[in-house]
Amino acid sequence: MLHSQLVPAQQKDSKRLMLVMHGLGDSMEGYRVVPDLLQVPDMSYLLVNAPDHYFGGYSWYDYEGNAGPGVERSRGLLFELLDAQRDAGFPSEQTIIFGFSQGCLMTLEVGAKYPHKLAACIGVSGYSHDPEALLSDRSAVANDQRFLLTHGIYDPVVPFDRTKQQVEKFRAAGMQIEFQEYPKDHTIIEPEWRKIREFMVEGVG
């Protein structure tokens, strides 16, 4: 079971939700500013810690070894978490998933393979560890999911060209991905937050 914390929407009884996934070595603590950055009053936020401890923070999978088993395990845990939110009254069609770096990889995994249509899937500065498997194992609704992926052209951690090539591969296979590049490294900048807000508001109608 993943450790998570709900930050309720300012607008009472709203059923709109964003699940927030951090990057390697970080935690939900680094993302408590997200509600203030995005300023969407009717959006609740579910901040989540990855399952593995990593130098004072957490990791979604083994960054230095074989990522596959950890990615599969974390994807299953995130499916369970999303199912639990459905049971708690947050419909999948009003739920957004968001992730940075390793969290972006998990956004791709979950968005492509979760069996229910989501409001939007947003990933920053990430990539797919196995693009072929992602496409071959897609859910029946994968090509209906709305993805926004953003990346820095100066990223020293996750090469920009690799991510761009993967996006082109996914698009060619029918996935709906908007890809936005920024003059930045491995971080999230203010114009990116504006773009994310625009995309998420559109996604939940």
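Coordinates for the structure precede this section.
A brief look at the structure comes next. Remember, it's a predicted structure, so these values are computed and weren't measured experimentally.

### Remarks on the overall build of the chain
The helix and strand inventory of the chain stands at six helices and nine strands. For the chain, the C-alpha radius of gyration of 15 Å lies close to 17 Å, the compact-globule estimate for 205 residues. With 205 residues in all, the chain has 54% of them scored as buried. Put simply, 77% of the contacts in the chain that link residues at least 6 apart link residues at least 24 apart. Looking at the chain as shown, the accessible area adds up to about 9,200 Å², and 48% of this sits on carbon and sulfur atoms. One finds the centroid of the 19 positive side-chain charges in the chain at a distance of 5 Å from the centroid of its 28 negative side-chain charges.

### Some points on the side chain of K184
Assignment of secondary structure puts K184 in the loop between β9 (176–182) and α6 (190–203). Each residue touching K184, except ones within four places of it in the same chain, is listed here: V124, S125, H151, G152, I153, Y154, D155, I189 and E192.

### Let's talk about helix α2 (residues 67–87)
For α2, spanning 21 residues, the distance from its first C-alpha to its last is 30 Å, which sits close to the expected 30 Å at 1.5 Å a residue. For α2, the complete set of buried residues consists of A67, G70, V71, S74, R75, L77, L78, F79, L81, L82 and Q85. Close packing links the buried residues of α2 with β1 (4–7), β2 (16–21), β3 (43–48), β6 (95–100) and α3 (102–113). The opening residue of α2 is N66, an N-cap whose side-chain oxygen sits 3.1 Å from the backbone nitrogen of G68. Count one or two residues on from α2 and you reach G89, which has phi positive near 105°.

Reading the values: the criteria
Residue numbers restart at each chain and count upward from 1, following the sequence in its written direction. Reporting in this predicted model follows two pLDDT cut-offs: at least 70 for local features of residues, and 80 or more for side-chain atom pairs to be given and counted; totals over whole chains, interfaces and linings ignore these cut-offs and use all residues. Hydrogens are left out, water is left out, and the side-chain values use all remaining heavy atoms of the structure. Put simply, DSSP H or I for four residues or longer makes a helix, DSSP E for two residues or longer makes a strand, and each gets a number counted from the N terminus. We compute the radius of gyration over the C-alpha atoms and compare it with the globule rule, which gives 2.2 Å times the number of residues raised to the power 0.38. Buried means the residue's accessible area, taken with a 1.4 Å probe over protein chains only, is under 20% of the maximum for its type, while exposed means over 50%, and partly exposed covers the values in between. Residue contacts are defined here by distance: any two heavy atoms, one from each residue, within 4.5 Å place the two residues in contact. Calculation of accessible area relied on Shrake-Rupley with a 1.4 Å probe; when residues are assessed, cover is drawn exclusively from the protein chains displayed. Counting rule for charge: Lys and Arg are taken as positive, Asp and Glu as negative, and neither His nor the chain ends is counted. Each charge is placed at NZ for Lys, CZ for Arg, CG for Asp and CD for Glu. The span you would expect from a helix comes to 1.5 Å times its residue count less one. Whenever a nitrogen or oxygen atom comes within 3.5 Å of another N or O atom, the pair is scored as a polar contact, on the condition that within protein one atom can donate a hydrogen and the other can accept it, and that pairs from neighbouring residues in sequence are kept only if both atoms are in side chains.

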